[in-house]
Amino acid sequence: MASEMSLAGRRRVQLALLLAPVTLFFAVFFLGPLAIMIVTSLLAPGLYGGVEWTYYPHNYGRILGFADPAFEVFDPVYLSIFLRSLKIAGFTVIATMVVCYPAAFCIARLSERWRNFCLFLITLPFFTSLIVRLFIWVLILRQTGIVNEALLATGVITRPLELIYTDGAIVLGMVYIFIPFMFMPIYASVEKLDWTLVRASLDLGAGPVRTFVRIILPLTAPGIAGGAIIVFIPALGNFVVPAVLGGAKVMMLGNLIEQQFLSARNWPFGSALAMMVMSVMLVLLFIHVVASGRRGADATN
Amino acid sequence: MRDSIVRLEGAAKTFPTPEGQSVIALDKIDLDVDRNEFLTLLGPSGCGKTTLLQAISGFVELDAGRILIDGVDMTTRPPYRRPVNTVFQNYALFPHMTVGENTGYALEVAGVAKSDRMKQVAAALDMVGLAGMEGRRPRQLSGGQQQRVALARAIIARPKLLLLDEPLSALDKNLRQSMQIELKTLQSELGISFIFVTHDQQEALTMSDRVAVLSGGRIQQLDTPRNIYDRPANSFVATFVGASNLFDGQLDDGWLLTGDGIAIRHLPSLGKASGKAKALIRPEQFFIAGEGRDYPFLDVEVEQIVFVGASFELFGHTAEGRKVVAEIPAGRRSFIGEVEQAKKARLSYDPSAVHLIRCDADGI
């Protein structure tokens, strides 16, 4: 009888009912496709696309360079794409951090009106199309773009520079689109920073550099870590930026996966690549959750 | 020259307000703090006491004037190069460090070896009654314990001067009172000067060797707690420190005559003084007539009697309509009963307890 149920029991039922729709949604639209992908990644590619229903573990070996020894020799081409993607995502994280960290301090110290205005400016790019914003960089960076034209006209260079279709161009584009993602978590932790702690440190004889290293940096670290995760994960799998600013020259994981599904029609290999990307993300998220969980435990104990 | 640990010469500071005006926080202050002295800066909020403290610790740069600490000019030195430590109002403990790391921070910064540092941390924590708490986190401690850690952290490097910025204001009353005694004991044990900022006059009187009463960026009076209370230099000090009955009038041969017919007897301590003055009678200096010889008195009509534990507070007014407050010890219950019935009281006072404030002291 419902009336005999304890209050805690009723709470539990209530909670379960409230969570049911979202649980169902995730089961159908998230776990389902994920299961399909896991299964696909372990099957052999069909001759003209699709899959053959035989167990085939070499998709994963192929990523590392050791494919089916019956057909292929060691070739780390995919591994190098994987490593390059990690590198570009890493550089993106570092560059956005270098830009956002000081900026967060500047904005946090402004008066409320200017602060809100600056925060509005940072969210402004979300109102326009990502593709359009990236193509503007093409106009700026290409051989006959603004930068090269200006440098040629002033005589600084005699031949146009290779600005576009390089790793650098990709990092630039990534930084450009991911700055808001880095800024927001960093800003949240910087704004929370208790400046009397900084004063206490100075008062106890620590100079500005030591105060930064021992007090400011550790206290804003959660924001930096959060921003790094939020930027690194989409940067690793991003395929729009390499497609627009990397041209056909620079391949990243995102493009490779897209290619496997849409042009090469090797779904199992594409699935295996996607699983690899996801496992990297899961490891990072796990570390982040454990680390912030420990911080949370420190804070509440 | 006086051998003072801190010397301020004409310290001046003006802050702009958001409305585009400016407010004077320090109005050319001169101050000497002696070695091993417990000095309290007392005043209402906005009187400049915190600014003065921050000028000494280095967080506020003076517009004019000099600050010497132990004879060395520190006016332009940054906070981290001054031999001064502060106990902050909200403790300001580093949340990401343990109690031990917090306490030893000044030593760590100074490059003291770890083993030596840990010994000193243990000694400092022992001194504030927190022995063995090194491994705790600040958030695991109660407010009083956090306060003690902040204190241990500030004294561990043996500064020449300890500044305390309303450190007890967040504690409850009993804890505050025991901390007051402990602070005073600690100060005499350490043998370093303390400058203590508070707006609580009771706190100031309890702990200090000397009290500086501040208002409007100026030191109104700098004296021992007893003199501050018994002989306030002006009516601001008289009314800010303790409750007071002030009667302004004309001095006339041992009497102060108010315009509306009240006469206050006083001992002619100002000689054959004449002119305008204010007479101060503290509430506890009144007693109920009939118990002594022929003391001068004021007849008042009683409005309210409030029991506050150790005493009764009697609020009334004279026939001329002047408010009078008196404090009658609770031991005198029988008198209080009579007064309550009659709604009238004859409040006597000892003329030697009447303090005169000359009106020129108030700048009138």
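Each chain carries its own residue numbering, running from 1 in the written order of its sequence. By the order in which they are written, chains take letters starting at A while ligands take numbers starting at 1. Reporting of local features is limited, given that this is a predicted model, to residues whose pLDDT is at least 70; pairs of side-chain atoms are given and counted only at 80 or more, and all residues count toward the totals for whole chains, interfaces and linings.

Identification of chain B as Spermidine/putrescine transport system ATP-binding protein from Aminobacter ciceronei is taken from an unreviewed UniProt entry.

Under an unreviewed UniProt entry, the name given to chain A is Spermidine/putrescine transport system permease protein, and the organism recorded is Aminobacter ciceronei. UniProt positions are given in the numbering used here, feature names are shortened, and annotations may be inferred rather than shown by experiment. Recorded under Sequence similarities (unreviewed entry), the UniProt text for chain A is reproduced unchanged: "Belongs to the binding-protein-dependent transport system permease family. CysTW subfamily."

Chemist: Quick question: what am I supposed to make of the UniProt feature "domain: ABC transmembrane type-1" (unreviewed entry) in chain A here?
Modeler: The UniProt record annotates "domain: ABC transmembrane type-1" (unreviewed entry) at residues 82–288 of chain A. Numbering of helices and strands starts at the N terminus; helices are DSSP runs of H or I of at least 4 residues and strands are runs of E of at least 2. Across residues 82–288 of chain A one finds 78% helix and 0% strand; the C-alpha atoms that close the span lie 22 Å apart.

Chemist: Help me understand the domain arrangement of chain B in this model?
Modeler: All names here are of chain B. Residue ranges assigned to each domain were obtained from an automatic or database domain assignment. In terms of domain boundaries, chain B breaks down into domain 1 (4–237) and domain 2 (243–362). The gap between the C-alpha centroids of domain 1 and domain 2 is 38 Å. With six residues of domain 1 at the contact, the number on the domain 2 side is seven residues. Residues belonging to the side of domain 1 that touches domain 2 are distributed by class as follows: two nonpolar, two polar and two charged. By definition, residue pairs are in contact when their C-beta atoms, positioned from the backbone, come within 7 Å. Ten residues, namely Ala, Val, Leu, Ile, Met, Phe, Trp, Tyr, Cys and Pro, are considered nonpolar, four, namely Asp, Glu, Lys and Arg, are considered charged, and the remaining ones, Gly among them, are considered polar.

Chemist: Can you walk me through the interface of chain A and chain B in this structure?
Modeler: Each partner contributes residues to the interface: chain A has 17 residues there, and chain B has 20 residues. Listing elements by their share of the side of chain A that touches chain B, those giving two or more residues are helix 8 (195–203), helix 9 (208–237) and helix 12 (267–300) of chain A. Looking at which element gives the most residues to the side of chain A that touches chain B, the answer is helix 8 of chain A, with six residues.

Chemist: Mind showing me how you'd approach the UniProt feature "transmembrane region" (unreviewed entry) in chain A here?
Modeler: Residue and element names in this part refer to chain A. Under the present numbering, the feature "transmembrane region" (unreviewed entry) in UniProt falls on residues 15–44, 88–110, 117–140, 169–190, 211–233 and 269–291. Regarding residues 88–110, the helix share stands at 91% and the strand share at 0%, and the terminal C-alpha atoms are separated by 33 Å. Segment residues 269–291 splits into 100% helix and 0% strand. End C-alpha atoms: 33 Å apart.

Chemist: I'm lost on the domain arrangement of chain A in this one. Help?
Modeler: A common measure of how large an interface is: the accessible area buried when the components associate. All names here are of chain A. Per the domain assignment, the segments of chain A are domain 1 (12–75 + 269–301) and domain 2 (79–265). Between the C-alpha centres of domain 1 and domain 2 there is a distance of 27 Å. Taken together, the contacts link 17 residues of domain 1 with 15 residues of domain 2. Those elements that place two or more of their residues in the side of domain 1 that touches domain 2 are helix 2 (58–64) and helix 12.

Chemist: Would you take a moment to explain the sheet that holds strand 11 (residues 245–252) of chain B for this structure?
Modeler: The strands that make up a sheet pair up through hydrogen bonds in the backbone, lying either parallel or antiparallel. All names here are of chain B. At least two DSSP bridges between two strands are needed for those strands to be called paired. Within the open sheet, the five strands sit side by side as 13-12-11-14-20. Their pairing is antiparallel. With one partner strand each, in any of the chains shown, strand 13 (263–265) and strand 20 (355–358) form the two edges of the open sheet. Taken pair by pair, the neighbouring strands of this sheet meet at an average axis angle of 40°, ignoring direction. Relative to strand 12 (residues 255–257), strand 11 runs antiparallel, the two sharing three bridges. Its bridge partner being in strand 12, Leu251 is matched across the sheet by Leu256. Whenever a helix is involved, its axis is fitted only over the stretch in contact; in every case the axis is a line through C-alpha atoms, and angles between N-to-C directions fall within 0 to 180 degrees.

Chemist: Whenever I open this one, the UniProt feature "domain: ABC transporter" (unreviewed entry) in chain B confuses me. Can you help?
Modeler: When the UniProt feature table is mapped onto this chain numbering, "domain: ABC transporter" (unreviewed entry) sits at residues 6–241 of chain B. Helix makes up 36% of residues 6–241 of chain B and strand 27%, whereas the separation of the span's terminal C-alpha atoms amounts to 25 Å.

Chemist: Mind showing me how you'd approach the packing of helix 7 (residues 167–192) of chain A against helix 9 of chain A here?
Modeler: Two packed helices can be described by the angle between their axes and the distance between those axes. All names here are of chain A. Two elements in contact, helix 7 and helix 9, have axes separated by 7 Å at closest approach and are oriented at 155°. If you check the angle between helix 7 and helix 9, you find them roughly antiparallel. Considering the relative orientation of helix 7 and helix 9, their crossing is right-handed. On helix 9, the residues that touch Met174, Phe178, Phe181, Met182, Pro185, Ile186, Ala188, Ser189 and Val190 of helix 7 are Thr220, Pro222, Gly223, Ile224, Gly226, Gly227, Ile230, Val231 and Ala235. Of the residues that constitute the contact of helix 7 with helix 9, the class distribution is 13 nonpolar, five polar and no charged. Our angle categories are set so that under 35 degrees counts as roughly parallel, over 145 as roughly antiparallel, 65 to 115 as roughly perpendicular, and the remainder as oblique. Crossing chirality is assigned from the near helix's rotation relative to the far helix, an anticlockwise turn below a right angle marking it left-handed and a clockwise turn marking it right-handed.

Chemist: Would you mind going over the environment of B:Pro159 with me for this structure?
Modeler: Residue and element names in this part refer to chain B. Mapping Pro159 onto the fold places it in the loop between helix 5 (143–155) and strand 7 (161–165). Separated by 51 residues in sequence, Pro159 and Arg210 have C-alpha atoms that sit 20 Å apart. The contacts of Pro159, once residues within four sequence positions are left out, are Pro83, Val84, Asn85 and Ile192.

Chemist: Looking at this structure, I do not really get the packing of helix 3 (residues 77–108) of chain A against helix 9 of chain A. What am I missing?
Modeler: Residue and element names in this part refer to chain A. Following both chains from N to C, one finds helix 3 and helix 9 inclined at 140°, their axes separated by 9 Å at the closest point. The angle between helix 3 and helix 9 places the two elements in the oblique class. Helix 3 and helix 9 meet at a crossing whose hand is right-handed. Here Ser85, Leu86, Ala89, Thr92, Val93, Thr96, Met97 and Cys100 of helix 3 come into contact with helix 9, specifically with Ile224, Gly227, Ala228, Val231, Phe232, Ala235 and Leu236. Considered class by class, the residues forming the contact of helix 3 with helix 9 number eleven nonpolar, four polar and no charged.

Chemist: Help me understand the sheet that holds strand 8 (residues 193–198) of chain B, please; the structure alone is not making it clear to me.
Modeler: All names here are of chain B. With mixed pairing, six strands are arranged side by side in an open sheet as 6-7-8-3-9-10. In this open sheet, the two strands that pair with only one neighbour each are strand 6 (84–87) and strand 10 (218–223). Taking the axes of each pair of neighbouring strands and ignoring which way they run, one obtains an average angle of 20° across the sheet. Pairing of strand 3 (residues 38–42) with strand 8, which is carried by five bridges, proceeds in the parallel orientation. Looking at strand 8, one finds that Leu41 is bridged to Val197.

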